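# Summary of the model geometry
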Amino acid sequence: MRYMIIERFKPGCIGEVYKRFDAKGRMLPDGLRNVDSWISNDLTTCWQLMETEEFDLFRQWTRNWDDLVDFEIVPTLSSTQARATALRLE
């Protein structure tokens, strides 16, 4: 399943986020995969598309970063899945 992760960097922490990333990488547990990521122009928010079959892996991963980042984890559907679901609901 795919999830959109919305990361809001705590004030003044963006430099520390990149220092930790450079030193340790994303620190993803086995079974959690990063598909792609985007950063806002003002460097306050990151959106990451991730895949996993085990939602509990997010807790393990976010513990590595929650001193610097606030997380929102949103389950997603592909456009094809959303269309099929919407048409079934009519």
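In what follows, the accompanying structure is described. This is a predicted model, so every value here is computed, not measured.

On to the sheet that holds strand β2 (residues 33-39), then. If you trace the four strands from one edge of the open sheet to the other, you get β2-β3-β1-β4, paired in antiparallel fashion. Looking at the sheet topology across the chains shown, the edges are occupied by β2 and β4 (69-75). When the angles between neighbouring strand axes are averaged without regard to direction, this sheet yields 20°. Bridge count between strand β1 (residues 2-9) and strand β3 (residues 45-51): seven bridges; the pairing is antiparallel. Looking across to β3, one finds that Ile6 is bridged to Trp47.

Attention shifts here to the packing of aromatic side chains. Applying the stated rule across the entire model yields four aromatic pairs. A centroid spacing of 5.1 Å and a plane angle of 65° characterise the contact between Trp61 and Phe71, whose relative ring orientation is edge-to-face. One end of the pair, Trp61, is in helix α2 (residues 57-62); the other, Phe71, is in strand β4, and 10 residues separate them in sequence. In this structure Phe71 comes out as partly exposed when scored by relative accessible area, which is 24%. Following the ring pairs from residue to residue traces out a cluster consisting of Tyr3, Phe55 and Phe58.

Attention now moves to the pairing of β1. Where β1 meets β4, seven bridges bridge the pair, whose relative direction is antiparallel. In the strand pairing of β4, Ile6 is matched with Glu72.

Take the nonpolar core next. Grouped together as the largest cluster of nonpolar side chains are 14 residues, with contacts concentrated most on Ile5, Val17, Leu32, Met50, Phe58, Trp61 and Leu68. Of all the secondary structure elements, the ones that give two or more residues to this core are β1, β3 and α2. Ignoring any residue separated from it by four or fewer positions in sequence, one finds Leu32 in contact with Met50, Glu51, Thr52, Leu57, Phe58 and Trp61.

Rules and cut-offs
Residues numbered from 1 in each chain as written. Predicted model: local features only at pLDDT ≥ 70, side-chain atom pairs only at ≥ 80, totals over all residues. Heavy atoms only, no water. Pairing = 2+ DSSP bridges. Helix = DSSP H or I, 4+ residues; strand = E, 2+ residues; numbered from the N terminus. Axes fitted to C-alpha atoms, helices over the stretch in contact; angles between N-to-C directions. Phe/Tyr/Trp six-rings, centres within 6.5 Å; stacked < 30°, edge-to-face > 60°. Buried < 20%, exposed > 50% of the residue type's maximum accessible area, 1.4 Å probe, protein only. Core = buried A, V, L, I, M, F, W, Y, C linked by side-chain atoms within 4.5 Å. Contact = heavy atoms within 4.5 Å.

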